[in-house]
Amino acid sequence: EGDVRVCHFDRGSIAQRITASEPPRRLVVDVVKVDLPFMPFALTSAEYSLTPRGAQTEIVRSTTLRSRQAPAWFFAPLERMAVAAEHRHLLGAL
């Protein structure tokens, strides 16, 4: 724990410090640096949970973010949609 991993994407990268690791079931990270275009919110942490389901594995990713937009009542639904799209993109390649 404490190691930094960097996830590279087509348009940038995200550096994450591992804060908890329970292979092969769980990984928790704090986001330490984001180099991606147009980030209307600050990613702060993420958790990956893996659960065997017969011959397959269910992967659940939870993301914590800090909003940079106001008013929150207006932007919160848009931020949830953006995070859901990010999760689909990240997990869709698996």
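That block above? That's the structure.
Residues numbered from 1 in each chain as written. Predicted model: local features only at pLDDT ≥ 70, side-chain atom pairs only at ≥ 80, totals over all residues. Heavy atoms only, no water.

**Description of the packing of aromatic side chains**
What counts is decided by this rule: Aromatic pairs are defined between Phe, Tyr and Trp rings, using the six-membered ring for Trp, whenever the two ring centres lie within 6.5 Å; interplanar angles under 30 degrees are classed as stacked, those over 60 as edge-to-face, and all others as tilted. Relative accessible area decides the class of each residue, using a 1.4 Å probe on protein chains only: under 20% of the type maximum gives buried, over 50% gives exposed, and in between gives partly exposed.
All told, the structure shown has two aromatic pairs when counted by the stated rule. Judged by centre distance (6.0 Å) and plane angle (80°), the rings of Trp73 and Phe74 are edge-to-face. On the basis of relative accessible area, Phe74 is assigned to the partly exposed category, the value being 43%. The rings of Trp73, Phe74 and Phe75 are connected pair by pair, giving a single aromatic cluster.

**Some words on the sheet that holds strand 2 (residues 12–22)**
To be explicit about the condition: In this description, strands pair whenever DSSP reports at least two bridges between them. We count a stretch as a helix when DSSP gives it H or I for four or more residues in a row; a strand needs E for two or more, and each element gets its number in order from the N terminus. Between the N-to-C directions of two axes lies an angle of 0 to 180 degrees, each axis being a line fitted to C-alpha atoms and, for a helix, fitted only over the stretch in contact.
What the five strands build is an open sheet, ordered 1-2-3-4-5; its pairing is antiparallel. Two strands lie at the open edges of the sheet, namely strand 1 (4–9) and strand 5 (56–67), each paired on one side alone. Strand after strand, the sheet turns through a mean of 25° between neighbouring axes, direction not considered. Relative to strand 2, strand 1 runs antiparallel, the two sharing six bridges.

**Here's the deal with a nonpolar patch on the surface**
Spelled out, the test is: Any residue with relative accessible area above 30% and no salt bridge may belong to a patch, with like charges joined within 9 Å and the nonpolar Val, Leu, Ile, Met, Phe, Trp and Tyr side chains within 5 Å. All accessibility values rest on the Shrake-Rupley procedure with a 1.4 Å probe; residue burial counts only the protein chains present in the view. Between Lys or Arg on one side and Asp or Glu on the other, a salt bridge is scored when a side-chain nitrogen of the former is within 4 Å of a carboxyl oxygen of the latter.
Together, Trp73, Phe74, Leu78 and Met81 give the surface a local cluster of nonpolar side chains, amounting to about 500 Å² of exposed area. Structurally, Leu78 can be placed in helix 1 (residues 72–92). Its relative accessible area of 41% is what places Leu78 among the partly exposed residues.

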